[in-house]
Structure formats: C-alpha cells, structure tokens
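In case you want the letters, here they are:
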Amino acid sequence: MRGGFWGVRLCCIGIGGEVDALRCKQRVMRSWNYGRSWKMSEQPSKKFGFSSRGRRSVDQPISYLIAKAVENPDLISLAAGLVDYETLPGEESLEILKDILGDKKRSEAALQYGMTEGSGELRDELYKHFCELEGMSEAEFTGSAKDIVVSTGSQQLLHMLADLVLDEGDVVISSWPSYFVFTGVLSAMGSTVRSVDIDEGGMKPEELDKMLASYEATGQLDRVKMVYLVSYHQNPTGITLAEERKPEILEIVKKYSKNHKILIIEDAAYRELTYGGKAPASMKVWDKDNEYVALLQTFSKPFAPGYKTGYGLIPTDLIDGLILNKGGRDFGSSNLAQHVLAEAMRRGVFKKHVEKLCAKYAEKRDAMLEALEKYVGPLAPNEIEWTNPSGGLYVWLTLPEGIDTGKDGKLFAKKLEKGVIGVPGVYCYPDDPAREIPVNKIRLSFGTPTKEQVVEGIKRLGEAIAHVLEE
Ligand code: PMP
C-alpha cells in the first residue's frame, strides 16, 4: 500500500506537472517549487491552521525523482506525460500573435478581460470541432456552443465539476486504474472513489451496473454522484473505451439516476491523438438532450500545454452553476490564449499541427512497442504483457506477479542504476477502500524522449528486469 511522503502518488508526474524532471532539471526547478519535502498534512497546518481539505492535499513526491536526476543526468525518463518539445507550435503561435497584437482593435480585445465562460469566437470554433470529430452537422449533434465552457486546462474543469456536484462522502465511480491526478483530487476533497475493472475495451459496463445495483440495494444510491472515465488512449493504460460500450454505460447511468442525475465525465484529453483509424464517437452522440455527459477536451495534448486551455461541452442543467463557480475562481481563463487558439483553429493551423503530432508520436509508439518486443517480452514470455495503444502517450506494462515496481522495490533501484525511469503503477490507482493495488505495473510514456531514447530506455528497462528476475 501507499503511504507517507513518496507513497501518496506520483501526482505531479501525471499533470501539466508531468514535467520531464529527469531530463530537464533546471527547467523543472524553475517551474516547480520543489525544494520542499514536507508532508502537506503535517508542518504547514501547525503554522497556519489549514482547513481539513487543505490538510488532505497530496504530497509532491516528484522531488524524489528530481533528486535522482541530479545524481544521474543521463537518466532517460519514460515517466513524464509531457508533449514532445520538438513539436511545440512556436512559429505558428508567433505569426498569429503578431497579427493579433499588430491590429489595434484585435489587440485591445485580446488583452482585455473576457467572458467567464470563454470567448464566443472560440466556443463557436470548438463546437464546430466537436461536430467534425463526430462527423455530424451542427443540427445533428447535441447541445450548442452555448453549452461550452473554456477553462484553464481541462484539469480546472474536472475540479470545478467535482466542486459543483460533490459533497464530502459522495461517491465517484472511476476505472481501475485511472487518471490518478483527478482521482487524487477527489479523495482530497473527501469523496469516496470506487472503481470498476477495465479490459482492452475500457470500463466494463456490467461491472458498473453491478456496483450501482449494490449501492441501490443498500439504500445508498443517493451518494453516487459521478462516473469518471478517460475514454481515448487512457492515462495510464493507453486503452480506449469501445464505442459500443458508450450507449450501454449511458443507459446504465440513466437507469440508476433516480432522485438525481448521475453526471458522467468523459475525459477525452487524448482524443485528437489518434494514430491511424477513426477514433470512436464520444458518448455525447447518445446524450441527445445534453443531459448527462460532460465531454472534456484540452489544447494541452494536441497543441501546446503552455496555453493551459481546456474546454467542455457541459449538460445544459449544469452550465449556469459551472459559470458561477468559475466566476468565483477567476472570472475567465486567459483571453489572449483564447484569441490565439480561435485563430489557430480558423486558419487550419490547429488541424495541421495535430496531423504532424500524430505522425511523430505514432513513430515513437511503434519504436516503444518494437523495443518491448525485443528487450522485455522474451524475459518471461507468458508473464509479461503490455498494451498496444491506438494513440495517446502511454503504454502500460505488466510484469510477472511478485515483481514490485514501486519505489521501495528492487526493480526501481535497478532501473535508476541502469538510467531509466517510468511511473510505478501503484500510483495510478484510485484510493478505493475495497481494493488491493497490484504492484507489478509500470506506466511508460513516449511523449518527450526522442525515438532513440525510447529504444535505449526500454533496453535499459529490460536489463533491469532481467537482473531482478535472475535474483
Ligand atoms: N485529463 C487527463 C486524462 C490528463 O492526462 C490530463 C493531463 N495530464 C488532464 C486531464 C489535464 O490536462 P490539462 O489541464 O493540461 O488540460
């Protein structure tokens, strides 16, 4: 089990803070105040009388990784979920910025405060984008541009939606494993996170049904407020929720929405990063009256996280509350960023960029899969497996039972010695009180390392695993 400073989870490795700490020490030091190593739940509260929520804030164990990077600057990080440095749209951004700031009227509009819910121009572009992804006309698709809220990263939307619908003790059902930064936030807010197994098609609908039925049978259905799933190339497994499961899951949630609606958050952060083949439709297609599903996307993965701009198509009944919630936080995300992004979409720059990114990541994904086949698979042919993602940034590796990939296990030390690091799987599971966390998983990311580093990193990982298996 997790616990203590390191143990809460590799929170910062999962978010925008999925900083490639081990390769970019100085950059990290500048953007993260990581010198501290206190446990949030201890020292500061003595000085400031922290609230119970404040005391539950999670630790930042990445400082441990930074310390390791200081010791070994040649370490290859397959841990961070950052996007590829070489693909960042610097020139495209500069051109658009020059055009906007060079025009007095546009410049004034962009540099002034904007609307809490986001700029109308961007929301119109985003609604078109949603329709294009579904292959539907605006008349065919659900909701409207008015149901879109632009946020400071999709992380902010996740947080605001949780804030809006969850009281302490309420239940959120997530997948097992899941995007651990959000499930960590939920736990810190005092929610109970329960989890449903996944297979190669994502969350299993029958398991979700069973869990909801058990809450109903014990008279506790009113506690269940939310179902959370990462539907495309999931962080951390790379698995995509099968299209045919989407209407099924929606129907199950409707069936158990008795005294109140249960909100489904479909977190589609990696949707555009689909490498070949058509990505499945989102659940929104079946949510015809825009009632149950909040579909969340972001510019962080398919364009540039520096814009820190996310957006969601939100059930109509939640929109006003959500805008009030956001108003109280920041009365609107960066207006300048929104102007640039709307222009990038209008000019087709965004679309072109996504195509470029997909080609680059597909190569690195293939390199990682081939290297796993060559250097890791043969070490224990029937006991080692990994996912084969159709997009996104992650591969989920399962090692033979009994191999502990955690920070205190032998493999972790060996990996550091060989010069490679991934995210120990234990940090990627929600704090479900009813489950035992498996220790033999690793999340591997091909986001920031070059293709050559990906191959070398997996080779080193293979050497470390071989060493542990031989012991
Ligand atoms: N959802 C998922 C599944 C993620 O992996 C991330 C970032 N790692 C986010 C949401 C949040 O991203 P952002 O706030 O940058 O949009």
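Remember, it's a predicted structure, so these values are computed and weren't measured experimentally.

Explain the overall build of the protein chain to me, please; I cannot follow it from the model alone.
If you tally the helices and strands in the protein chain, you get 18 helices and 14 strands. Out of the 471 residues in the protein chain, the part that is buried amounts to 51%. A separation threshold of at least 6 residues defines the contact pool for the protein chain, and within that pool the share at least 24 residues apart is 76%.

Quick question: what am I supposed to make of helix 12 (residues 205-217) here?
Given 3.6 residues per turn, any residue in an α-helix points the same way as the ones three and four places further on. With 13 residues, helix 12 extends 18 Å between its outermost C-alpha atoms, agreeing within 8% with the 18 Å of an ideal straight helix rising 1.5 Å per residue. For helix 12, the full list of buried residues reads Pro-205, Leu-208, Met-211 and Leu-212. Seen from one end, helix 12 has its buried residues packed into an arc of 125 degrees, which puts them on one side. Exposed residues lying more than 90 degrees from the buried face of helix 12 are Glu-206, Lys-210, Ser-214 and Ala-217.

Honestly, the UniProt feature "domain: Aminotransferase class I/classII large" (unreviewed entry) in the protein chain in this entry has me stumped. Any pointers?
In the numbering used here, UniProt assigns the feature "domain: Aminotransferase class I/classII large" (unreviewed entry) to residues 74-461. Segment residues 74-461 splits into 40% helix and 15% strand. End C-alpha atoms: 14 Å apart.

What is the right way to read the sheet that holds strand 13 (residues 423-424) from this model?
In sheet architecture, strand pairing relies on hydrogen bonds along the backbone and comes in two forms, parallel and antiparallel. As summarised here, the arrangement of the four strands in space is 10-11-14-13, forming an open sheet in which the pairing is antiparallel. A single partner strand is all that each edge strand has here, and the edge strands are strand 10 (385-386) and strand 13. With two bridges connecting them, strand 10 and strand 11 (residues 394-398) associate as antiparallel partners. Looking across to strand 11, one finds that Trp-386 is bridged to Leu-397.

So what exactly am I meant to see when it comes to the pairing of strand 4 (residues 192-199) here?
Walk down a regular strand and you will see the side chains alternate between the two sheet faces. Where strand 3 (residues 171-176) meets strand 4, six bridges bridge the pair, whose relative direction is parallel. Looking across to strand 4, one finds that Val-171 is bridged to Thr-192. Crossover connection from strand 3 via helix 11 (residues 180-188) to parallel strand 4: handedness right-handed. Remark: two residues form the turn of the hairpin made by strand 4 and strand 5 (residues 202-203), two consecutive strands paired antiparallel.

I keep staring at the environment of Ala-269 and nothing clicks. Help me out?
Looking at the secondary structure, you find Ala-269 in the loop between strand 7 (263-267) and strand 8 (293-298). Accessibility expressed as a C-beta count within 10 Å gives 27 for Ala-269, which makes it buried. Each C-alpha atom, one on Ala-269 and one on Tyr-311, is 9.8 Å from the other, the two residues being 42 residues apart in sequence. Excluding anything up to four places from it in sequence, Ala-269 contacts Ser-154, Val-230, Gln-297, Thr-298 and Lys-301.

Calculation notes
Residues numbered from 1 in each chain as written. Predicted model: local features only at pLDDT ≥ 70, side-chain atom pairs only at ≥ 80, totals over all residues. Helix = DSSP H or I, 4+ residues; strand = E, 2+ residues; numbered from the N terminus. Buried ≥ 20, exposed ≤ 12 C-beta atoms within 10 Å, placed from the backbone. Contact = placed C-beta atoms within 7 Å. Expected span 1.5 Å × (residues − 1). Arc of directions from axis to C-beta. UniProt positions renumbered as here; feature names shortened; annotations may be inferred. Pairing = 2+ DSSP bridges. Right-handed = clockwise from strand over helix to strand, strands pointing away.

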